[in-house]
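Examining the three-dimensional arrangement
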Amino acid sequence: MSIATPPDYRALDENTLADYLAGLPELAARLGGSPADWRVREVGDGNLNLVFILEGPAGDLCVKQALPYVRLVGESWPLPLERAFFEYEASVVQARHAQPWMPEIFHYDPALYLIVMERLSPHIIMRYGTIEGRIYPHFADHIGEYLANTLFFTSDFAMPAGDKKKLVARFCDNTELCKITEDLIFTDPYRESERNRWTSPQLDADAAAVRADGALKAAISELKQRFMSDTQALLHGDLHTGSIMVTEEETKVIDPEFAFYGPTGFDVGKLLGNLLLCYFSQAGHENPAGARDAYRNWLLDTAEAVWSGFESRFLELWENHRTGDAFPSDLFTGGEGERVFQACQKRFLRSVFVDSLGYAGASMIRRTLGLAHNADMERIEDPELRAACERLNLRLARELVVHRESFGEIADVTARARQLFEQWRAAARG
Ligand code: SR1
Ligand code: MG
């Protein structure tokens, strides 16, 4: 299948990228020397795009270019190049509120659908760190603040209604990327689909049980409908541990190409789901068994701290930046008004919590039964052990999706994760 692209578009490679950057004096100066001195490597390991690192005598850069198809699958799955535009636009909007937690953007090329940004070094993709059992002591604080800032300041709590609606309209066209989420997260794992895959034959019965589970399909469809129709805040849209780069000291969120206006709990939940999946994967990476006990605790503590950090920062912002048209201050004056307002805040944060658990569970299921899996599980070589980890992940995920209302607080979620793992471990030890 041939793919139509705009006349000026061409996918760059390691040679043509150097020529391209040589024509942009400010960026070329960041690298220093001349193109012959630059080392260019294509390093993309994500599902969609080309990613290059350029190193010169004076400095380095990262270049991300959209391909007109899904890289993971190939040219048989065309994908609009415009996702680079949405990534750039989201980066600009989010950077106003979350600059310390995002790479600096230097250049956007609307013809090549290409973004030039700060090269993050020595940062690594967080997922590879957590697979190795590395601790990131400031991660929860940083990401809780990133989530609260980006989600609060793009909402009706902070923005005048007209401004917010214009922003909703700007991101409305990111339909194909939303469709990927709608299909791959909320639909395919619950039906027969050629795109689905799982650890087989070990999980064949588990996958069939998911497809036959009426309560689960009802709950995931509710979450999908909310995702499609609720324009609460500008979301990153794909906030998993593969979209975050870290050192022990720093946290940087990358790749907001799935950005659009959706339910606040989607970003929070996707991240929580990835931390929980990572928790269940640890048994596949430890040697001897039990060696990662402390690390498992850190992962669950981190999941708790992400939620509580997000919640407290969001409330703090809501107290101090009541600049939007939702919940206008003059409706809630005096002691009684304050009490009513606090009850409203509590109800809203509770609804975000419940949504987050549902989206966490949805993410955990899609990474086990859908098209795109996580290295956390994929790197477990023994299929029996991998399937055991994945089965635990599926069990908690189902509870989070179907019974999301029944969890009172985040500690209930982590306690349940711990209980499922300990029961499995006790049974495995005999
Ligand atoms: C076909 S793209 C598969 C997945 O990769 C991205 O990271 C998103 O999570 C998407 O669902
Ligand atoms: Mg990505």
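What counts as what
- Residues numbered from 1 in each chain as written.
- Chains lettered and ligands numbered in written order.
- Predicted model: local features only at pLDDT ≥ 70, side-chain atom pairs only at ≥ 80, totals over all residues.
- Heavy atoms only, no water.
- Core = buried A, V, L, I, M, F, W, Y, C linked by side-chain atoms within 4.5 Å.
- Buried < 20%, exposed > 50% of the residue type's maximum accessible area, 1.4 Å probe, protein only.
- Helix = DSSP H or I, 4+ residues; strand = E, 2+ residues; numbered from the N terminus.
- Domains from an automatic or database assignment.
- Contact = heavy atoms within 4.5 Å.
- Pairing = 2+ DSSP bridges.
- Expected span 1.5 Å × (residues − 1).
- Arc of directions from axis to C-beta.
- 1 Å grid on protein atoms, 1.4 Å probe; cavity = no way out; pocket = protein on both sides within 12 Å on 5 of 7 lines; lining within 4 Å.
- Points joined across faces, edges and corners; volume = space filled by probe spheres on them.
- Nonpolar A, V, L, I, M, F, W, Y, C, P; charged D, E, K, R; others polar.
- Buried area = accessible area lost by both parts, 1.4 Å probe.
- Salt bridge = Lys/Arg side-chain N within 4 Å of Asp/Glu carboxyl O.
- Axes fitted to C-alpha atoms, helices over the stretch in contact; angles between N-to-C directions.

Take the nonpolar core next. F280, F310 and F314 are the most contacted members of the largest nonpolar core, which totals 85 residues. The dominant element in this core, judged by the number of residues it contributes, is helix α12 (residues 334-369), at 13 residues. Each of domain 1 (16-117) and domain 2 (124-429) accounts for three or more of the residues forming this core. Other than its neighbours up to four places away in sequence, F280 contacts M364, M377, C389, L392, N393, L396, A417, L420 and F421.

Pairing is antiparallel across the open sheet formed by three strands, whose spatial order is β8-β10-β11. Both outer strands of the open sheet, β8 (124-125) and β11 (251-253), are each paired with one neighbouring strand and no more. Of the pairings in the sheet, the one linking strand β10 (residues 244-246) to β11 comprises three bridges and is antiparallel in character. Residue pairing for β11: V246 is matched across the bridge by T251.

With that settled, consider helix α6 (residues 161-172). Over its 12 residues, α6 extends 16 Å from the first C-alpha to the last, a length consistent with the 16 Å expected when each residue adds 1.5 Å. Turning to α6, its buried residues are K164, L167, V168 and F171. Burial along α6 is one-sided: seen end-on, the buried residues are contained in an arc of 105 degrees. Facing away from the buried side of α6 by over 90 degrees, the exposed positions are K165, K166, A169 and C172.

A full pass over the atoms with the stated rule returns two cavities of 30 Å³ or more. Approximately 50 Å³ is the volume found for the largest cavity. Every residue lining the largest cavity is listed: E87, S91, M102, P103, I105, M117, V253, I254, D255 and P256. Residue composition of the lining of the largest cavity, by class: seven nonpolar, one polar and two charged. Volume-wise, the second largest cavity comes out at about 30 Å³.

We now examine the domain arrangement of the protein. When cut into domains, the protein gives domain 1 (16-117) and domain 2 (124-429). Taking only C-alpha atoms, the centre of domain 1 and the centre of domain 2 are 27 Å apart. Each side of the interface is counted separately: domain 1 has 24 residues, and domain 2 has 32 residues. Contact with domain 2 buries area across many residues of domain 1, yet F86, Q94 and W101 alone supply 30% of it, more than any other trio. Across the contact surface, domain 1 and domain 2 share four salt bridges. A salt bridge links R83 to E257; its shortest N-O distance comes to 3.5 Å.

With respect to topology, five strands assemble into an open sheet ordered β1-β2-β3-β7-β6, the strand pairing being antiparallel. Taken across any chain shown, the strands that pair with only one partner, and hence form the sheet edges, are β1 (39-42) and β6 (105-109). On average, adjacent strands in this sheet sit at an angle of 20 degrees to one another, irrespective of strand direction. By the bridge criterion, four bridges tie β6 to strand β7 (residues 114-118) in an arrangement that is antiparallel. Across the sheet, D109 pairs through a bridge with L114, a residue of β7. Contacting β1, β2 (50-55), β3 (60-65), β6 and β7, helix α1 (residues 14-22) crosses the sheet at an angle of about 125 degrees to β1.

Approximately 1200 Å³ is the volume found for the largest pocket. Counting residues per element, the ones that place at least two in the lining of the largest pocket are β2, β3, β7, β8, α4 (126-131), α7 (175-184), α12 and α13 (375-378). Per-element accounting of the lining of the largest pocket gives the leading share, three residues, to α7. Of the residues that constitute the lining of the largest pocket, the class distribution is 23 nonpolar, 12 polar and 14 charged.

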